[in-house]
Amino acid sequence: MTVPAGPARSVGARPGGRRRHGPPGEPRAVAYLYILPGFVVLTLFLLAPLAYAVWLSFFAWDGLSPGTWVGLQNYADVLTDPTLRAPFGHALVLVVFFSLVPVLLGLLAASLLMRSTVRGRGVFQAVVFVPQVIALTVVAVAWKRILAPDGPLNEALRAIGLDGLTRGWLGDPDTALVAIGVVGTWLGTGLCTVLFLAGLSRVPRSIYDAARLDGAGFFRETFAISLPSLRNELAVALTLTMVAALRTFDLVYLMTSGGPGGASAVPAYEVYMKSMRQGEVGTGVTIALILAAFIMLLTVLVNRIPEREER
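These notes cover the structure that comes with them.

Calculation criteria
- Residues numbered from 1 in each chain as written.
- Predicted model: local features only at pLDDT ≥ 70, side-chain atom pairs only at ≥ 80, totals over all residues.
- Heavy atoms only, no water.
- Helix = DSSP H or I, 4+ residues; strand = E, 2+ residues; numbered from the N terminus.
- Buried < 20%, exposed > 50% of the residue type's maximum accessible area, 1.4 Å probe, protein only.
- Contact = heavy atoms within 4.5 Å.
- Areas by Shrake-Rupley, 256 points an atom, 1.4 Å probe, with all protein chains shown as cover.
- Core = buried A, V, L, I, M, F, W, Y, C linked by side-chain atoms within 4.5 Å.
- Phe/Tyr/Trp six-rings, centres within 6.5 Å; stacked < 30°, edge-to-face > 60°.
- Lys NZ or Arg CZ within 6 Å of the ring centre and 35° of its normal.

**Side note on the overall build of the chain**
And step 1. Helices and strands together make up the secondary structure of the chain, namely 14 helices and two strands.
And step 2. Counting every position in the chain, which comprises 311 residues, the buried fraction comes to 37%.
And step 3. Residue pairs in contact within the chain that sit at least 24 positions apart in sequence constitute 66% of those at least 6 positions apart.
And step 4. Approximately 18,400 Å² of the chain is accessible, and the part contributed by carbon and sulfur atoms is 67%.

Dropping the structure here:
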């Protein structure tokens, strides 16, 4: 006995003749439930405090008594007052030392290591990466001692007959910010070197061999082969080092306290001083928001480097 076949049901059709619209699998509403816990945490610990900070930036408030609504006055003060704008200029100077110089040195060091066959490359990588695992408090105290008027640096200069170059590096307005920047270069070079070595390890050695057969030198190899192969690593290195430069607080607070005469003050230090020491919470929060917006803008621009190269 033959059983008559029922009407063929199309793929994706539901009982009752209704078709399912949208992608196959679980309903989209269920998918949102998976990300709900993360979104709740993000809202509680990031979005809500950020919204509250924006709200505080519209007030003149000392942190204790009732605040006074001032609208956009705090933003106008930060953008027009030279003493409040100066820390942002200092932060840009630190970007050069914390980010651009370490990236360049890291690229050259990684290229040299990939070009040579010297033993112990792993030991070198570990040594140059050591500053990344040392607490910044320890780094600041150690370098403050090195750069002291009677510290090892000045003693070394005197020993080789360069007494005229000795000075209180952290007490001189012309050298205080540069001295902090040199510490940042020491901190960031190892990170960049390790990142670039990881990226260059994926480049076939045959490409370098072919370039050498064509007569390419070290710098030609570096900028024609190594650099184009490190788009993603370059974006990561620039992002990490630029953010570290712009939010620097520990080194400035422990080494110079923003001095002498505000010559080494940076935005993060000004946020602390205005909010915690001078009772100008509205101004401090405004500086923090402008700094956060600046960091976000730089991060977006830097992370477009790999996308632009792939087009």
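**Remarks on the nonpolar core**
Nonpolar side chains in soluble globular proteins generally cluster together in the buried interior.
And step 1. Within the largest apolar cluster, 62 residues are counted, with the highest numbers of intra-cluster contacts made by Phe196, Leu251 and Met255.
And step 2. Examining the composition of this core, we find that eleven residues originate from one element, helix H3 (residues 82–115), more than from any other.
And step 3. With residues near it in sequence (within four places) discarded, Met255 still touches Ala140, Trp143, Lys144, Leu147, Leu170 and Val183.

**Points about the packing of aromatic side chains**
Geometrically, a pair of aromatic rings is defined through the distance of the ring centres and the angle of the planes.
And step 1. Counting across every chain of the model gives twelve aromatic pairs.
And step 2. Considering the side-chain rings of Phe58 and Tyr75, the 6.2 Å spacing of their centres and the 50° angle between planes classify their relative orientation as tilted. Pair noted here: Phe58 is in the loop between helix H1 (28–56) and strand S1 (59–60) and Tyr75 is in helix H2 (residues 73–80), with a separation of 17 residues, a long-range link. This pair shows no difference in class: Phe58 is buried, exactly as Tyr75 is.
And step 3. Between Tyr253 and Tyr272, the aromatic rings sit 5.5 Å apart at their centres with planes inclined by 80°, giving edge-to-face as the arrangement. Of the two residues, Tyr253 is situated in helix H11 (residues 250–255) and Tyr272 in helix H12 (residues 267–277); the sequence distance between them amounts to 19 residues.
And step 4. Among the aromatic side chains, those forming a connected cluster through ring pairs are Trp55, Phe58, Phe59, Trp69 and Tyr75.
And step 5. Over the face of the ring belonging to Trp169 we find Arg167, whose NZ or CZ atom lies 5.5 Å from the ring centre.

**Some thoughts on the side chain of Thr189**
And step 1. Checked against the element boundaries, Thr189 lands in helix H7 (residues 176–200).
And step 2. Ignoring sequence-local partners within four residues, the contact set of Thr189 consists of Pro102, Leu105 and Gly106.

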